[in-house]
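# Results of the structural survey
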Amino acid sequence: MHDSKIVIRTSDRSNYRKCRRLWNWQSPLRQYLEPLDPPPALWLGTGVHRGLEAYYSKQDPIKAYDQWVLSKLPSLWDIEQEAVAKRVALGRGMLEHYVSWAPFQDIGMQVLFTEQELEVPIPETPYFYGGRLDGGVANYKGKKLILEHKTAKSIDDLNKLDA
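Residues numbered from 1 in each chain as written. Predicted model: local features only at pLDDT ≥ 70, side-chain atom pairs only at ≥ 80, totals over all residues. Heavy atoms only, no water.

### Quick word on helix α5 (residues 78-105)
Look at α5: 40 Å from first C-alpha to last across 28 residues, which is about the 40 Å you get at 1.5 Å a residue. Of all the bends in α5, the greatest, near 35°, is centred on Val84. Buried within α5 are the following residues: Val84, Arg87, Val88, Gly91, Leu95, Tyr98 and Ala102. Elements in contact with the buried residues of α5: α3 (40-56) and α4 (61-72). (Helix = DSSP H or I, 4+ residues; strand = E, 2+ residues; numbered from the N terminus. Expected span 1.5 Å × (residues − 1). Bend = angle between axes of the 7 residues up to and from the residue. Buried < 20%, exposed > 50% of the residue type's maximum accessible area, 1.4 Å probe, protein only. Contact = heavy atoms within 4.5 Å.)

### Observations regarding α4
Between its first and last C-alpha atoms α4 spans 17 Å; for 12 residues at 1.5 Å apiece the expected length is 16 Å, and the two agree. Taken as a whole, α4 has its buried residues at Pro61, Ile62, Ala64, Tyr65, Trp68 and Val69. Here the buried residues of α4 occupy an arc of 165° about the axis, which is enough to place them on one side. In α4, the exposed positions that point more than 90 degrees away from the buried face belong to Lys63 and Leu70. Of the surrounding secondary structure, the elements contacted by the buried residues of α4 are α3 and α5. (Arc of directions from axis to C-beta.)

### Comments concerning empty space enclosed by the protein
To find the voids left in a structure, one rolls a probe of water-molecule size over its atoms. One pass over the full model with this rule turns up 1 cavity of 30 Å³ or more. Approximately 40 Å³ is the volume attributed to the largest cavity. As for the largest cavity, its lining consists of His49, Leu52, Glu53, Tyr56, Thr114, Glu115, Asp134 and His149. Those elements that provide at least two residues to the lining of the largest cavity are α3 and β2 (110-121). Residue contributions to the lining of the largest cavity peak at 4 residues, all from α3. Grouping the amino acids of the lining of the largest cavity by side-chain chemistry returns 2 nonpolar, 3 polar and 3 charged. (1 Å grid on protein atoms, 1.4 Å probe; cavity = no way out; pocket = protein on both sides within 12 Å on 5 of 7 lines; lining within 4 Å. Points joined across faces, edges and corners; volume = space filled by probe spheres on them. Nonpolar A, V, L, I, M, F, W, Y, C, P; charged D, E, K, R; others polar.)

So this is what it looks like as structure tokens:
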């Protein structure tokens, strides 16, 4: 692992501040242990992101989401599949609403790319800061912007992102 370049991600920074033991277990820089199944919110967010990537790539977001869900269901136990049904419906509902809402928000916007890995050298260190951008767009004036999507259980959760 350490033979190649060292990439620090936002999740590494967050876990390091929150709980050093969690960071030690999960970080690719340490033991890189992963749960067999991701937490429900992360699972839902990943699926919705697949749908949004399809939407901004001029594909059917609901179909992309449904295909992603179908690819994940075989790895779940029967009892987990029952619990996932509500999350699947929630994700589909979020995408259906987004498809009706977004065209009015996206007027004059040109999509430049979707889902792009990013690595930036950290000055005066051997390290890189890494992440994934949901997309890049240009507005009607040609100004380039980063497109970032977040799924949350409430608006209050989104407001915490500013803190």
